[in-house]
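Overview (structure and organization)
Each chain is listed here by its residues.
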Amino acid sequence: VRRLLSLEWQFRRDCLLSLLLGLTLLLLGLLGLQLLGVVIDVIRHALDATQRAPAYPFGWTPPESWTPLRIVTALSLAIVAQALLRAILTYQYNMVTARLTQGKIVPDLRGRIYARLQQLSFRFFEVHGSSSIFNRVTGDVQNTRLFVDGVVLQGINMLLTLVAYLLFMWRIHPSLTLACLSVTLALGWVTQHYSARLRPGYLRNRELYDGLVEQFSESIRGVQTIKGFAAEALQVRRFEEANGEVSLQQRQIFLDLSVFTPATQFLSQLSLVILFAYGGWLYVHGRIALGSGLVVFAALLQQFNGQVANITTIANSVQQSFTAARRVFEDRNG
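Residues numbered from 1 in each chain as written. Predicted model: local features only at pLDDT ≥ 70, side-chain atom pairs only at ≥ 80, totals over all residues. Heavy atoms only, no water.

Grouped together as the largest cluster of nonpolar side chains are 53 residues, with contacts concentrated most on Leu-275, Phe-297 and Leu-300. Here this core gets 13 residues from one element, more than from any other, and that element is helix α5 (residues 130-172). Here Leu-300 is in contact with Leu-30, Leu-33, Tyr-165, Phe-168, Met-169 and Ile-172, once residues within four sequence places are set aside. Membership of the second largest hydrophobic core comes to seven residues, among which are Leu-35, Val-39, Val-42 and Val-72. (Core = buried A, V, L, I, M, F, W, Y, C linked by side-chain atoms within 4.5 Å. Buried < 20%, exposed > 50% of the residue type's maximum accessible area, 1.4 Å probe, protein only. Helix = DSSP H or I, 4+ residues; strand = E, 2+ residues; numbered from the N terminus. Contact = heavy atoms within 4.5 Å.)

Attention now moves to the packing of aromatic side chains. All chains considered together, the criterion is met by three aromatic pairs. Here the aromatic rings of Tyr-278 and Trp-281 are separated by 6.4 Å at their centres, their planes lie at 20°, and the arrangement is stacked. Taken together, the residues Tyr-278 and Trp-281, both in helix α9 (residues 232-284) and three residues apart, mark about one turn of the helix. Assessed through its relative accessible area of 27%, Tyr-278 is described here as partly exposed. Residue Trp-281 is classed as partly exposed on the basis of its relative accessible area, which comes to 38%. These aromatic residues form a ring-pair network of at least three members: Tyr-56, Trp-60 and Trp-66. The ring of Phe-168 carries the charged tip of Arg-171 above its face, separated from the ring centre by 4.8 Å. (Phe/Tyr/Trp six-rings, centres within 6.5 Å; stacked < 30°, edge-to-face > 60°. Lys NZ or Arg CZ within 6 Å of the ring centre and 35° of its normal.)

Within helix α1 (residues 2-10) the residues assigned to the buried category are Leu-4, Leu-7 and Glu-8. End-on view of α1: buried residues confined to an arc of 100°, all on one side of the axis. Seen from the open side of α1, the exposed residues pointing more than 90 degrees away from its buried face are Arg-2 and Trp-9. (Arc of directions from axis to C-beta.)

Looking at the protein chain as a whole, its pLDDT mean stands at 79, while 88% of the residues score no less than 70. Ranking the elements of the protein chain by mean pLDDT puts helix α4 (residues 122-127) last with 62 and helix α6 (residues 174-180) first with 89. (pLDDT = per-residue confidence, 0-100.)

Before going further, it helps to spend a moment on the side chain of Gln-249. Its place among the elements puts Gln-249 in helix α9. Look past the residues within four positions of Gln-249 in its chain and what remains in contact with it is Gly-201, Arg-204, Asn-205 and Leu-208.

There is a patch of nonpolar side chains on the surface, built from Leu-23, Leu-27, Ile-156 and Leu-160 and spanning about 310 Å² of accessible area. Taken together, the elements giving at least two residues each to the nonpolar patch come down to α2 (12-47) and α5. Following the sequence through the fold, Ile-156 ends up in helix α5. On the accessibility criterion, Ile-156 (35% relative accessible area) is partly exposed. (Patch = residues over 30% accessible without salt bridge, like charges linked within 9 Å, V, L, I, M, F, W, Y side chains within 5 Å. Areas by Shrake-Rupley, 256 points an atom, 1.4 Å probe, with all protein chains shown as cover. Salt bridge = Lys/Arg side-chain N within 4 Å of Asp/Glu carboxyl O.)

Right, here's the structure in full:
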């Protein structure tokens with residue numbers, strides 16, 4: 001973990017820029033939802049003057065001479081403007097993240113691994129086959145960099161997003177927020193359980209994959225000897241056995257993930273049932289607005305649930321990056 005965090009510190013400027021862009025995108029998304037809710041409230045109030053008057057953002061109040069149509073038009077233009085700005089910043093965010101991971105971290109790790117290999121003793125190369133070393137320089141490096149963009153950056157963005165959505169929902173209606181988030185503890189337990197379950201599987205899968213590549217490379221290098229002794233069938237059978245072990249292990253990982261992902265999604269969707277029941281009752285009794293209240297809350301809750309369900313992806317990335325990092329940073333001689 002210390003070595004993985006040192007990657008973040010080494011490229012801290014790009015990491016901070018990526019986080020800043022992610023935070024800006026989050027704020028723009030919240031602004032767009034708020035503007036959408038106000039538009040609905042304006043239309044609702046125009047159709048029925050007895051309904052609650054819309055609450056405009058940032059203390060802005062339209063001139064009294066403005067008609068509801070003109071107010072809706074102005075708010076719609078603001079929504080289009082924030083969407084355009086968000087699209088531009090999303091492009092910048094993707095480019096900065098790609099430049100950080102594929103343009104800097106991956107080449108740096110590969111260069112450091114190659115330089116380190118030149119300093120290791122013969123014992124290391126006797127213990128670890130050439131295929132294992134090849135995999136460390138290629139696939140394991142890619143999985144190691146997942147710690148930067150798939151764990152730390154994505155994890156911080158997820159945490160900021162969850163806090164922002166939680167505060168925004170709390171500002172709309174505290175008791176409705178508590179009711180909808182009542183399934184969070186169960187979701188946290190499921191995530192922790194499967195995270196511990198997946199870790200050994202990824203490590204075993206990398207070991208089996210090393211054996212498969214080793215078997216393949218040996219058969220290619222010794223193809224003349226194999227043909228000379230008519231051992232093609234034996235080599236095919238050995239390769240199929242190694243390939244089957246890798247496939248079986250990978251299938252077990254996919255089986256765990258196939259149970260993990262629907263479980264988190266199911267628990268997340270339970271909060272929507274609470275929203276429809278309790279939130280609908282609040283609206284009928286005039287305790288929450290329709291647009292800036294119930295509609296915006298529903299959109300925030302959906303995105304909140306999406307971020308919580310994204311814990312699955314981050315937990316998956318943690319296991320892959322830790323498994324690969326152990327092999328990338330291994331510097332013992334045997």
